[in-house]
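An overview of the molecular structure
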Amino acid sequence: MLLHTVNKSPFEKNSLDTCLRLSAPGSCILLIEDGVYAALAGGAFAAQLQDGMRARKLYAIDADLQARGLDPAGLIDGVEVIDYRGFVELATRCDQVQSWF
Amino acid sequence: MKFAIVVNEGPYTHQASDSAYHFARAALEGGHAIYRVFFYHDGVHNGTRLASPPQDERDVVNRWSKLAAEHDIDLVVCVAAAQRRGIVDAAEKKRHAKDADNIAPGFRISGLGQLIEAGIRADRLMAFGD
């Protein structure tokens, strides 16, 4: 199983789109830095993300949400909010890590 | 588990150096090891000791130096990227006849092979940057 990280906002770059297109079903996707903007419920990329989440598990870093004033309660259902310890744990649990910029 | 980290972005640009640092700290606190941190492209700017950020702000360069000293971490700056961007150690100063060097404590300048080797030796290679 692969862990994919996405660190760019979908409003800025198409990294998330590429990640969703190329990641295998069953993968984990972790939104970090500006990547967390994608997880906003009702956002322009919510539908695409929810579609991808039917076969993938989605995570977001709490500190990156907080730094941007985003409330975890306002995220798409099913996005798990984790801290850096959780990031490390996720990286150990997955066989490889692919970063999308 | 052994982690290798590559930082491709300069400090204070977006957030790559911060994310990499926080990941490294969390990994160490979780009982894991950091095999090497490799600074590539604009990431080499993480390795200048001449940076003087405001005192009430995080000190990105110094933070790496301290982490390396505390946990004996190998901080490697890519030589080709460093030459282009003016990151110089004592050997590079001599080799290129410069009047100064600026490498921060705990950092060393070496080749891209160090990144490849880190990718092979570590259990996971984590990339942060642009």
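Description of the structure in this document. (Residues numbered from 1 in each chain as written. Chains lettered and ligands numbered in written order. Predicted model: local features only at pLDDT ≥ 70, side-chain atom pairs only at ≥ 80, totals over all residues. Heavy atoms only, no water.)

**Topic: the nonpolar core**
To keep it simple, the criterion reads: For the purposes of this section, nonpolar cores are sets of buried Ala, Val, Leu, Ile, Met, Phe, Trp, Tyr and Cys residues that join through side-chain atoms within 4.5 Å. Exposure categories follow from relative accessible area, calculated using a 1.4 Å probe and restricted to protein chains: below 20% of the type maximum is buried, above 50% is exposed, and the middle band is partly exposed. Helix and strand assignments follow DSSP, with helices taken as H or I runs no shorter than four residues and strands as E runs no shorter than two, numbered in order from the N terminus. Throughout, a contact is declared for two residues whenever any of their heavy atoms are within 4.5 Å.
Ranked by size, the top nonpolar core spans 51 residues in total, and within it A:Phe87, B:Ile5, B:Phe23 and B:Trp64 carry the most contacts. Tallying contributions element by element places helix α1 (residues 16-29) of chain B first for this core, with eight residues. With near-sequence residues (within four places) excluded, B:Trp64 lies in contact with B:Val7, B:Ser17, B:Ala20, B:Tyr21, B:Val37, B:Phe39, B:Asn46, B:Leu75 and B:Phe107. With 20 residues, the next largest nonpolar core counts A:Leu31, A:Ala38, A:Ala46 and A:Ile76 among its residues.

**Structural notes on helix α2 (residues 60-71) of chain B**
All names here are of chain B. Operational definition: The span you would expect from a helix comes to 1.5 Å times its residue count less one.
With twelve residues, α2 should cover 16 Å at 1.5 Å per step; its first-to-last C-alpha distance of 17 Å lies within 8% of that length. The complete set of buried residues in α2 reads Val60, Val61, Arg63, Trp64, Ser65, Leu67 and Ala68. Taken together, the buried residues of α2 touch β1 (2-7), α1, β2 (33-39), β3 (75-78) and β4 (107-110). Asp72, located one to two residues past α2, shows a positive phi value of around 55°.

**A few points about the pairing of strand β5 (residues 124-128) of chain B**
When a strand is regular, its side chains alternate between the sheet's two faces. Residue and element names in this part refer to chain B. Test applied: Strand pairing is assigned whenever DSSP detects at least two bridges linking the two strands.
Alternating residues of β5 divide into Arg124, Met126 and Phe128, all buried, and Leu125 and Ala127, none buried. Note that β1 and β5 share five bridges and pair parallel. In the strand pairing of β5, Ala4 is matched with Leu125.

**What about the pairing of β3(B)?**
All names here are of chain B. Residues Leu75 and Val77 of β3 are buried on one face, and the alternating residues Val76 and Cys78, pointing to the opposite face, are buried as well. In terms of strand pairing, β2 meets β3 through three bridges, oriented parallel. Across the sheet, residue Phe39 finds its bridge partner in β3, namely Val77. Relative to β4, β3 is paired through four bridges, and the arrangement is parallel. Bridging across to β4, Val76 finds its partner in Arg108.

**Quick notes on unusual backbone geometry**
If a residue is not glycine, its phi is most likely negative; likewise, a peptide bond is most likely trans. We note that A:Glu33 has phi near 50°; this positive angle belongs to a residue other than glycine. Looking at the element boundaries, A:Glu33 is found in the loop between β2 (28-31) and α2 (46-52). Judged by its relative accessible area of 2%, A:Glu33 is buried. Even without a glycine there, the phi angle at B:Asp72 is positive, about 55°. Topologically, B:Asp72 is positioned in the loop between α2 and β3.

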